[in-house]
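Given next are the chains, with one letter for each unit.
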Amino acid sequence: MDEGIEENTALKVVSEIGTDMSRWPTVKHFCSWLGLSPGNKISGGKVLSSKTKRIPNRAASALRMAALTLVSSKSALGAYYRRMRSKLGAPKAITATAHKLARLIYSMLKNGSEYVDRGQDYYEEQYRDRVIKNMRKRAEDMGYKLVEIETASPS
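The sections below set out a description of the structure shown in this document. (Residues numbered from 1 in each chain as written. Predicted model: local features only at pLDDT ≥ 70, side-chain atom pairs only at ≥ 80, totals over all residues. Heavy atoms only, no water.)

Our next topic: a negative patch on the surface. On the surface, Asp121, Glu124, Glu125 and Asp129 cluster together to form a negatively charged patch. By secondary structure assignment, the location of glutamate 125 is in helix α6 (residues 120-141). (Patch = residues over 30% accessible without salt bridge, like charges linked within 9 Å, V, L, I, M, F, W, Y side chains within 5 Å. Areas by Shrake-Rupley, 256 points an atom, 1.4 Å probe, with all protein chains shown as cover. Salt bridge = Lys/Arg side-chain N within 4 Å of Asp/Glu carboxyl O. Lys, Arg positive; Asp, Glu negative; His and termini not counted. Charge placed at Lys NZ, Arg CZ, Asp CG, Glu CD. Helix = DSSP H or I, 4+ residues; strand = E, 2+ residues; numbered from the N terminus.)

Structure follows, in structure tokens:
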């Protein structure tokens, strides 16, 4: 992964977590151990707080710093960070992107898979398709039909 995670960051993360991923049964356990998963303080069916736990983990700090470097990246991770930043604000977007990086690292180390960045345009097209699909489904649930408007190209 050359987007977001440089050699120094990768060394810090691997030195903290090691390469044996059998310690964590799932990616959720791994992200929770890093302190990047949302909490779930619930009392009486009401969510009181969903802040992440404050865990002094050097690997999580390195992933947060790596997430911050994606601000102007033309990668899919950069597009994800910018979308989260506009939706949640910078601090939560950094944590969300660090969580995504942690999931990618877990997958790469556990399965031996390689990270392939498809780019910002692919990510945005996928996001657009997902939004349109959800809008169509919602319109059908309300008894409406969503129709795409054909725009005339300027001559």
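In this section: the pairing of strand β2 (residues 46-49). Pairing analysis gives three bridges linking strand β1 (residues 41-43) to β2, with the strands arranged antiparallel. Its bridge partner lying in β2, lysine 41 is registered against serine 49. In this structure, the hairpin formed by β1 and β2 is closed by a connection of two residues, where glycine 44 is found at a positive phi of approximately 65°. (Pairing = 2+ DSSP bridges.)

By volume, the largest pocket amounts to about 570 Å³. Around the largest pocket sit 18 residues that line it, and Ser50, Lys51, Thr52, Lys92 and Thr95 are the ones nearest its centre. Listed by contribution, the elements that provide at least two residues to the lining of the largest pocket are α3 (58-68) and α5 (90-111). Looking at the lining of the largest pocket, the element that brings in the most residues is α5, giving six residues. Split into classes, the residues belonging to the lining of the largest pocket amount to seven nonpolar, six polar and five charged. By volume, the second largest pocket amounts to about 360 Å³. (1 Å grid on protein atoms, 1.4 Å probe; cavity = no way out; pocket = protein on both sides within 12 Å on 5 of 7 lines; lining within 4 Å. Points joined across faces, edges and corners; volume = space filled by probe spheres on them. Nonpolar A, V, L, I, M, F, W, Y, C, P; charged D, E, K, R; others polar.)

Using the criterion set out here, one finds four aromatic pairs in the structure. With a centroid separation of 4.9 Å and 70° between ring planes, the pair formed by tryptophan 24 and phenylalanine 30 is classed as edge-to-face. Phenylalanine 30 carries the same exposure label as tryptophan 24, and that label is buried. Taking the centre distance of 6.4 Å and the plane angle of 85° together, the rings of tyrosine 80 and tyrosine 123 count as edge-to-face. You can see tyrosine 80 sitting in helix α4 (residues 76-88) and its partner tyrosine 123 sitting in helix α6, a full 43 residues away along the chain. For the pair tyrosine 80 and tyrosine 123, a shared accessibility class is recorded, and that class is buried. By the ring-pair criterion, three or more aromatic residues cluster together here, those being Trp24, Phe30, Trp33 and Tyr106. The ring of tryptophan 33 is capped by arginine 23, whose NZ or CZ atom sits 5.9 Å from the centre of that ring. A cation over an aromatic ring shows up here: lysine 100 above the ring of tyrosine 80, its NZ or CZ 4.4 Å from the ring centre. (Phe/Tyr/Trp six-rings, centres within 6.5 Å; stacked < 30°, edge-to-face > 60°. Buried < 20%, exposed > 50% of the residue type's maximum accessible area, 1.4 Å probe, protein only. Lys NZ or Arg CZ within 6 Å of the ring centre and 35° of its normal.)

On to helix α1 (residues 7-17), then. Buried within α1 we find Thr9, Val13 and Ile17. Considered in projection along α1, the buried side chains sweep an arc of 45° and stay on one side of the axis. Turned more than 90 degrees away from the buried face of α1 sit Glu7, Asn8, Leu11 and Ser15, all of them exposed. Among the structural elements, α2 (27-34), α3 and α5 are those in contact with the buried residues of α1. Directly beyond the C-terminal end of α1, a positive phi value near 80° is found at glycine 18. (Arc of directions from axis to C-beta. Contact = heavy atoms within 4.5 Å.)

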